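Structural overview for review
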Amino acid sequence: METLQEYLINKGYTKIKLKLTKTNHFEIKAKINGVKGNFILDTGASSSCVGFEAIDTFKLNAKDSKIKAAGAGATDMLTQLSKKNTLKIGKWKKDKVVLVLFNLSHVNTALTAHNAQPVDGIIGADILKKSKAVIDYEKKYLYLKL
């Protein structure tokens, strides 16, 4: 009987290692517009997000947005949108990715309070759906369809 890994690789998936943080979040490395960053994998976040402070780092073109962000104990936060970004996670790559920009400081304050590393953003359900993602919680791998 083939393993989950063998099955998914045979179906054209790529495997990405996940790191479990001290806050019990999965952390993942990704590249936005060719620049490496650290992200939290969040199945409960509808949109993938990046902090305002990373606009220059990831060469984002930000436009004001009417969307108000909520999550992780904060509500009604102002956001901006950045369209036409390239996102690369392992061998998986997608162009024209829309990212929500918001103040990520409350997230990073919570992480650093638990001796976890701050992150540049969140990879959310939008990307997980587009990539037909499968998460292996036991072995700590994310599989994305190429």
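These remarks concern the structure in this document. (Residues numbered from 1 in each chain as written. Predicted model: local features only at pLDDT ≥ 70, side-chain atom pairs only at ≥ 80, totals over all residues. Heavy atoms only, no water.)

1. Section: the overall build of the chain
The helix and strand inventory of the chain stands at three helices and eleven strands. Going from the N terminus to the C terminus, the chain shows its helices and strands as α-β-β-β-β-β-β-β-β-α-β-α-β-β. Relative to a compact globule of 146 residues, whose C-alpha radius of gyration would be 15 Å, the chain shows 15 Å and is just as compact. With respect to the three principal axes, the spread of C-alpha positions in the chain is 50 × 35 × 25 Å. Considering only contacts in the chain between residues 6 or more positions apart, those separated by 24 or more positions represent 58%. As presented, the chain carries roughly 8600 Å² of accessible surface, and 52% of it is formed by carbon and sulfur atoms. Between the mean site of the 25 positive side-chain charges and the mean site of the 13 negative ones, the chain shows a separation of 6 Å. (Helix = DSSP H or I, 4+ residues; strand = E, 2+ residues; numbered from the N terminus. Rg over C-alpha atoms; globule rule 2.2 N^0.38 Å. Contact = heavy atoms within 4.5 Å. Areas by Shrake-Rupley, 256 points an atom, 1.4 Å probe, with all protein chains shown as cover. Lys, Arg positive; Asp, Glu negative; His and termini not counted. Charge placed at Lys NZ, Arg CZ, Asp CG, Glu CD.)

2. Some points on the sheet that holds strand 1 (residues 13–17)
Taking strand neighbours across the sheet as the criterion, the three strands line up as 1-11-10 in an open arrangement whose pairing is antiparallel. On the outer flanks of this sheet lie strand 1 and strand 10 (134–136), each paired with one strand and no other. Each neighbouring strand pair of the sheet contributes to a mean axis angle of 25°, computed without reference to strand direction. Alignment of strand 10 against strand 11 (residues 141–145), held across three bridges, turns out to be antiparallel. Looking at strand 11, one finds that V134 is bridged to Y143. (Pairing = 2+ DSSP bridges. Axes fitted to C-alpha atoms, helices over the stretch in contact; angles between N-to-C directions.)

3. Observations regarding the pattern of salt bridges
A side chain of one charge can pair with a side chain of the opposite charge when the charged atoms of the two come close. Throughout the structure, instances matching the rule amount to one salt bridge. E27 is the partner of K19 in a salt bridge, and the nearest nitrogen-oxygen pair spans 3.9 Å. By relative accessible area, which is 6% here, E27 ends up buried. (Salt bridge = Lys/Arg side-chain N within 4 Å of Asp/Glu carboxyl O. Buried < 20%, exposed > 50% of the residue type's maximum accessible area, 1.4 Å probe, protein only.)

4. Considerations on the nonpolar core
Ranked by size, the top nonpolar core spans 25 residues in total, and within it V50, L87 and I89 carry the most contacts. Sorting the residues of this core by element identifies strand 3 (26–32), strand 4 (35–41), strand 7 (74–89), strand 8 (92–102), helix 3 (125–130) and strand 11 as the ones contributing at least two each. Counting residues in hydrophobic clusters, the runner-up holds twelve residues, among them A45, C49, L81 and L104. (Core = buried A, V, L, I, M, F, W, Y, C linked by side-chain atoms within 4.5 Å.)

5. Regarding a positive patch on the surface
A surface patch of like charges, here positive, comprises K63, K83, K84, K94, K96 and K130. At the level of secondary structure, the elements contributing two or more residues to the positive patch comprise strand 7 and strand 8. Take K83: it is sitting in strand 7. Residue K83 is classed as exposed on the basis of its relative accessible area, which comes to 54%. (Patch = residues over 30% accessible without salt bridge, like charges linked within 9 Å, V, L, I, M, F, W, Y side chains within 5 Å.)

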